[in-house]
Structure formats: structure tokens, C-alpha cells
Amino acid sequence: MIRTHPNDPPLTGTEAAKVAWYIARMAKRGLAGEDVDQRDLQRKLDSIIDGARQRAEKAAAAAGK
């Protein structure tokens, strides 16, 4: 598991690769200017983080039983 930030859940290798890919795409779009819409990539990034958070919560609940 890979930790991106202390407040974020641990990511699997696949999730970390997707996050890196989306951040790279956001950076590339950022070079085009500040008026470029990046909401679609931000939603995908949020979806990955939310899925990892749900998985971590389930694992914590299963470990607590």
C-alpha cells in the first residue's frame, strides 16, 4: 500500500498509478492556461480516493471484529 498524504487512505499500486496519471494530465492541461476545465479529472481522482477510503474502512471494521 502506498500513502500519498497522512490524511488519505493507503492506495494500491493500481490506484497510485491512476492517481499519478490523472495528476500528470491535470498538469499538462494546466500548462494550457487557467481557463481550462479540469473538473472531469478531479472527479476521477476523487473517485479513486473515495474508493480507497471505503476499502480502508471495511478493512478496519473487519479487523475490529
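Now for a quick tour of the structure. Since the model is a prediction, treat every value here as computed from it, not as a measurement. (Residues numbered from 1 in each chain as written. Predicted model: local features only at pLDDT ≥ 70, side-chain atom pairs only at ≥ 80, totals over all residues. Heavy atoms only, no water.)

## Comments concerning the nonpolar core
Link 1 in the chain: Ranked by size, the top nonpolar core spans 10 residues in total: Leu 11, Ala 16, Val 19, Tyr 22, Met 26, Leu 41, Leu 45, Ile 48, Ile 49 and Ala 52.
Link 2 in the chain: Broken down by secondary-structure element, the contributors of at least two residues to this core are helix H1 (13-32) and helix H2 (39-64).
Link 3 in the chain: Considering each element in turn, this core owes the most residues, five residues, to H2. (Core = buried A, V, L, I, M, F, W, Y, C linked by side-chain atoms within 4.5 Å. Buried < 20%, exposed > 50% of the residue type's maximum accessible area, 1.4 Å probe, protein only. Helix = DSSP H or I, 4+ residues; strand = E, 2+ residues; numbered from the N terminus.)

## A look at the pattern of salt bridges
Pairing of side chains with opposite charge becomes possible as their charged atoms draw close.
Link 1 in the chain: Considering all chains together, one arrives at five salt bridges under this definition.
Link 2 in the chain: Close ionic contact of Asp 8 with Arg 53 constitutes a salt bridge, the shortest N to O distance being 3.8 Å. In this pair, Asp 8 is assigned in the segment before H1 and Arg 53 in helix H2, connecting sequence segments 45 residues apart.
Link 3 in the chain: Among the ionic pairs, Arg 53 bridges to Asp 50, the shortest N-O distance being 3.5 Å. A residue pair is termed a helical-turn pair when its members lie 3 or 4 positions apart in one helix, as Arg 53 and Asp 50 do in helix H2 at three residues.
Link 4 in the chain: Asp 50 gets classed as partly exposed once you look at its relative accessible area, which sits at 40%.
Link 5 in the chain: Taken together, the salt bridges that share partners define one network made up of Asp 8, Asp 50 and Arg 53. (Salt bridge = Lys/Arg side-chain N within 4 Å of Asp/Glu carboxyl O.)

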